[in-house]
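Read off the chains here:
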Amino acid sequence: MKERVDDFQERSKKLQNMTDEELDNYFWELVEKVVDPLVNMAETHTSPSIERSVLLRMGFNSLQAKALVDKIVQENLLSKGAGNVVYKIAKQKNIGIMEAGEALLNGRFWDDVENIFRGGDSNETSTK
């Protein structure tokens, strides 16, 4: 096995003269470099199972979650987030999350979903 060269003293020179505040800022800068790709992936990649999981945590049962995700996939809106679709309709209609989900399951509000995510204000299509 190859022995690791201990170069800590050399690598740490730039840290040794930093103030606590500078070290703190540098730490968070490094954390952002590590986390940013993960956040980007979470914002741009999803799957039906992830979206069903989100809906389950919002209070829907597994049959409702599956049916909602299936319809959202059919509408080519999975990238917007199933929970986001339900939330935006609930907010627009001034109703509860569960009521909005039930309405979508019953075929209501899909024209509104279309307007929000394909024809509305660009802020409305954010998954954040």
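Attention here is on the structure that accompanies the text. Source: prediction; values computed, not measured.

1. Some remarks on the overall build of the protein chain
Link 1 in the chain: Counting secondary structure elements, the protein chain contains eight helices and zero strands.
Link 2 in the chain: Mapped in sequence order, the helices and strands of the protein chain form the string α-α-α-α-α-α-α-α.
Link 3 in the chain: Since a compact globule built from 128 residues should have a radius of gyration of about 14 Å, the 22 Å found for the protein chain marks it as more spread out than a globular shape.
Link 4 in the chain: Among the 128 residues that make up the protein chain, the fraction classed as buried is 24%.
Link 5 in the chain: Counting only carbon and sulfur atoms, one obtains 52% of the accessible surface of the protein chain, whose full area is about 9200 Å².

2. Points about the side chain of Ser-12
Link 1 in the chain: Looking at where Ser-12 falls in the secondary structure, it is placed in the loop between α1 (8-11) and α2 (13-16).
Link 2 in the chain: In this structure the side chain of Ser-12 is engaged in a polar contact, spanning 3.3 Å, whose partner is the backbone oxygen of Gln-9.

3. A closer look at a negative patch on the surface
Link 1 in the chain: Taken together, the side chains of Asp-20, Glu-21, Glu-22 and Asp-24 present a region of like negative charge at the surface.
Link 2 in the chain: Here Glu-21 shows up in helix α3 (residues 20-44).

4. Concerning unusual backbone geometry
Link 1 in the chain: Backbone geometry at Asn-94 places phi at a positive 55 degrees, although glycine is not the residue there.
Link 2 in the chain: Since its relative accessible area comes to 72%, Asn-94 is described here as exposed.
Link 3 in the chain: Even without being a glycine, Phe-109 presents a positive backbone phi close to 70 degrees.
Link 4 in the chain: Of note, Phe-109 is situated in the loop between α7 (97-105) and α8 (110-119).
Link 5 in the chain: Since its relative accessible area comes to 17%, Phe-109 is described here as buried.

5. Some details on α8
Link 1 in the chain: For α8, the set of buried residues is Trp-110, Asp-112, Val-113, Ile-116 and Phe-117. The arc that holds the buried residues of α8, viewed along the axis, is 155 degrees, so those residues lie on one side. Set apart from the buried face of α8 by more than 90 degrees, the exposed residues are Asp-111 and Gly-119.
Link 2 in the chain: Contacts made by the buried residues of α8 are with α5 (62-74), α6 (82-93) and α7.

6. Some remarks on the packing of helix α4 (residues 48-58) against α6
Link 1 in the chain: Packing of α4 against α6 leaves a shortest axis separation of 8 Å and a crossing angle of 45 degrees. It follows from the interaxial angle that α4 and α6 lie oblique. Between α4 and α6, the residues in contact are Glu-51, Val-54, Leu-55 and Met-58 and Ala-82, Gly-83 and Val-86, respectively.
Link 2 in the chain: When its residues are assigned to classes, the contact of α4 with α6 shows five nonpolar, one polar and one charged.

7. A short note on the side chain of Gln-64
Link 1 in the chain: Within the secondary structure layout, Gln-64 lies in helix α5.
Link 2 in the chain: For Gln-64, a relative accessible area of 14% gives the class buried.
Link 3 in the chain: Among residues more than four places away in sequence, those in contact with Gln-64 are Met-98, Glu-102 and Leu-105.

8. With respect to a nonpolar patch on the surface
Link 1 in the chain: Taken together, Val-34, Val-35, Leu-38 and Val-39 make up a surface patch of nonpolar side chains, about 340 Å² in accessible area.
Link 2 in the chain: Along the chain, Val-35 turns up in helix α3.
Link 3 in the chain: The class of Val-35 is partly exposed, set by a relative accessible area of 34%.

Thresholds applied
Residues numbered from 1 in each chain as written. Predicted model: local features only at pLDDT ≥ 70, side-chain atom pairs only at ≥ 80, totals over all residues. Heavy atoms only, no water. Helix = DSSP H or I, 4+ residues; strand = E, 2+ residues; numbered from the N terminus. Rg over C-alpha atoms; globule rule 2.2 N^0.38 Å. Buried < 20%, exposed > 50% of the residue type's maximum accessible area, 1.4 Å probe, protein only. Areas by Shrake-Rupley, 256 points an atom, 1.4 Å probe, with all protein chains shown as cover. Polar contact = N/O pair within 3.5 Å; in protein donor to acceptor, adjacent residues only side chain to side chain. Patch = residues over 30% accessible without salt bridge, like charges linked within 9 Å, V, L, I, M, F, W, Y side chains within 5 Å. Salt bridge = Lys/Arg side-chain N within 4 Å of Asp/Glu carboxyl O. Lys, Arg positive; Asp, Glu negative; His and termini not counted. Charge placed at Lys NZ, Arg CZ, Asp CG, Glu CD. Arc of directions from axis to C-beta. Contact = heavy atoms within 4.5 Å. Axes fitted to C-alpha atoms, helices over the stretch in contact; angles between N-to-C directions. Parallel < 35°, antiparallel > 145°, perpendicular 65-115°, else oblique. Nonpolar A, V, L, I, M, F, W, Y, C, P; charged D, E, K, R; others polar.

These results come straight from atomic positions and should not be treated as a statement about function.
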